[in-house]
Amino acid sequence: MVHRTLKLNGLRFVQIIPMSNTVALILFSTLALAEDLSSRCANLYMGIEHQQAYTQCTKEAENGDTDAQYFLGRIYHDGKGTQKDYKKAIHWYTKAAEKGDLDAQWTLGSMYEKVEDVQDYTTAIRWYTMAAEKGQKDAQFNLGLMYAEGKGIPKDYKKAIHWYTKAAEQGDVDAQTFLGLMYVQGNGVPKNYKTAIHWYTQAAEKGHPSAQFNLGAMHTDGKGGPKDYKKAIHWYTKAAEQGDVGAQAFLGSMHDQGMGTPRDYRKAIHWYIKAAENGDIVSQYNLGSMYAEGKGAPRDYETAIHWYTKAAERGHSSAQYNLGLMYAQGKGGTKDYVQAYAWLNVSAAQDKKKATKARDLIETTMTASQKAKAQALSKEYFSKYAK
């Protein structure tokens, strides 16, 4: 019987290969794991005995055990059982990597790419390449990303496509998603929306929220096939339920406008709130409008002002205009011509002609003192909120 450890989805397994053709995979368990399946170091690391794992892995690593060297690198990397020490982590990862441990090679690449204290793109690429050429899908994806971004090497979309494809064919959902994007944008390959949909679908069906959102957008825009709002809603909902802000915003808009579903302002508000609370500026503006008009909820000027302000302070000119009008009309509180003038002035500077007209009209009703305050406030708002 042959024993060999491998890593799958972030966990180490033991692959048992008997003399027959039967192959079994047994997951390391903190409850029970036969001692003859792996080193004591690995058992302890996969459990919660971090201090014991550190002691045992050090002993085994110093005796040359490859798995123990990898796990000792992890211990120093994570700071479990001892103080976090990236240099020592690299030392032990390197020991394992030089013996051909693919996970150690990929992890080294990741550290040299991303850890500021040791960052070295050339070395990252070297380790990624070693692991990628032997089929390590995480290394293949990361290597593709480095070629796509031109990190430590000239930007090369064709090589990025090559490595994304290698990883995608092994089921890596990030690679599948990025590959779909490359085919949409025509980076390194001719634009091909059907191929993009193929890869987005592969990742989306496995629950990747960005792929789900992108697939929804393809169906919304009719790229790679006829427009299909029902399919778009299906995929936006999948992504939105996982917290994808763009999907939440689009879903709110589709329920608001009745695209692919009967118009439902309550559902629109539900998804707008999700997106707005996550910082989506258009959803913040749309919520302001919904509450101002009483769509999907009772009319509530104070809540409308709250959301208009959120969007206005991030430079949304229509939110600035509507906020100015609400202050001028005293909706949600007393009339405030100074605030009204300032917000309309900022909006007018962003090519809102109706804001200019409204501002000038308000100015005719203001006292000299109010005009002076409004000009001062306008100056402050220009510096903070004008795009």
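Heads up: the structure comes first, above all this text.
Being a predicted model, the structure only gives us computed values, none of them experimental.

Enquirer: Could you clarify how one ought to interpret the nonpolar core in this entry?
Expert: The nonpolar side chains of a soluble globular protein tend to be buried, and buried together. Of all hydrophobic cores here, the largest spans 62 residues; its most connected members are Phe-71, Leu-72, Leu-108, Tyr-128, Leu-143, Tyr-164 and Leu-179. With seven residues, helix H7 (residues 137-149) is the largest single contributor of residues to this core. Sequence-distant contacts of Leu-179, that is, excluding residues within four places in its chain, are made with Ile-161, Tyr-164, Thr-165, Ala-168 and Trp-199. Ala-292, Ala-312, Val-338 and Ala-348 belong to the second-largest nonpolar core, a separate cluster that totals 38 residues.

Enquirer: Can you help me understand helix H19 (residues 353-363) in this one?
Expert: Side chains of residues three or four places apart in an α-helix project in the same direction, reflecting 3.6 residues per turn. Every buried residue of H19 is listed here: Ala-355, Ala-358, Arg-359 and Ile-362. Angular distribution of buried residues about the axis of H19 spans 100 degrees; they occupy a single face of the element. For H19, exposure combined with an orientation more than 90 degrees from the buried face picks out Lys-353, Lys-357 and Leu-361. Looking at the buried residues of H19, the elements they touch are helix H17 (317-329) and helix H18 (337-348).

Enquirer: I tried to follow the state of the cysteines on my own but got confused; where do I start?
Expert: What we call a disulfide is simply a covalent bond connecting the sulfur atoms of a pair of cysteines. This structure, assessed with the given rule, holds one disulfide. Two residues share a disulfide in this structure: Cys-41 and Cys-57, whose sulfurs sit 1.9 Å from each other. Torsion about the S-S bond of the Cys-41 and Cys-57 cystine: about 90 degrees, corresponding to right-handed handedness. Placement of the pair is Cys-41 in helix H1 (residues 40-46) and Cys-57 in helix H2 (residues 50-62), with a sequence separation of 16 residues. Taking the relative accessible area as the measure of exposure, Cys-41 reaches 0% and is therefore buried.

Enquirer: Can you walk me through the packing of helix H4 (residues 86-97) against helix H5 (residues 102-114) in this structure?
Expert: For any two helices packed against each other, the geometry comes down to the angle between their axes and how far apart the axes lie. Two elements in contact, H4 and H5, have axes separated by 8 Å at closest approach and are oriented at 145 degrees. Where H4 crosses over H5, the two elements pack in a sense that is left-handed. Each of Tyr-86, Ala-89, Ile-90, Tyr-93, Thr-94, Ala-96 and Ala-97 in H4 lies in contact with H5, whose residues at this interface are Ala-104, Gln-105, Thr-107, Leu-108, Met-111 and Tyr-112. Tallied by class, the residues present in the contact of H4 with H5 amount to ten nonpolar, three polar and no charged.

Enquirer: It is not clear to me how the pattern of salt bridges should be interpreted in this structure. Could you clarify?
Expert: In a structure, side chains of opposite charge can pair up when their charged atoms sit close to one another. Tallying each qualifying case throughout the model produces six salt bridges. For Asp-78, the salt bridge goes to Arg-74, with nearest N and O atoms at 3.6 Å. Of the two residues, Asp-78 and Arg-74 are both situated in helix H3 (residues 66-78); the distance of four residues between them amounts to about one turn of the helix. On the basis of relative accessibility, which here comes to 30%, the residue Asp-78 falls in the partly exposed class. Residue Lys-151 pairs with Glu-113 through a salt bridge whose shortest N-O separation is 3.2 Å. Within this pair, whereas Lys-151 is found in the loop between H7 and helix H8 (157-168), its partner Glu-113 is found in helix H5, the two being separated by 38 residues in sequence. Note on Lys-151: relative accessible area 23%, which makes it partly exposed. Each of the salt bridges in this network shares a partner with another, and the network as a whole consists of Glu-113, Glu-149 and Lys-151.

About the cut-offs
- Residues numbered from 1 in each chain as written.
- Predicted model: local features only at pLDDT ≥ 70, side-chain atom pairs only at ≥ 80, totals over all residues.
- Heavy atoms only, no water.
- Core = buried A, V, L, I, M, F, W, Y, C linked by side-chain atoms within 4.5 Å.
- Buried < 20%, exposed > 50% of the residue type's maximum accessible area, 1.4 Å probe, protein only.
- Helix = DSSP H or I, 4+ residues; strand = E, 2+ residues; numbered from the N terminus.
- Contact = heavy atoms within 4.5 Å.
- Arc of directions from axis to C-beta.
- Disulfide = S-S within 2.5 Å.
- Axes fitted to C-alpha atoms, helices over the stretch in contact; angles between N-to-C directions.
- Left-handed = near helix turned anticlockwise from the far one by under 90°.
- Nonpolar A, V, L, I, M, F, W, Y, C, P; charged D, E, K, R; others polar.
- Salt bridge = Lys/Arg side-chain N within 4 Å of Asp/Glu carboxyl O.

Note that every value here comes from positions in space, so none of it alone points to a role or purpose.
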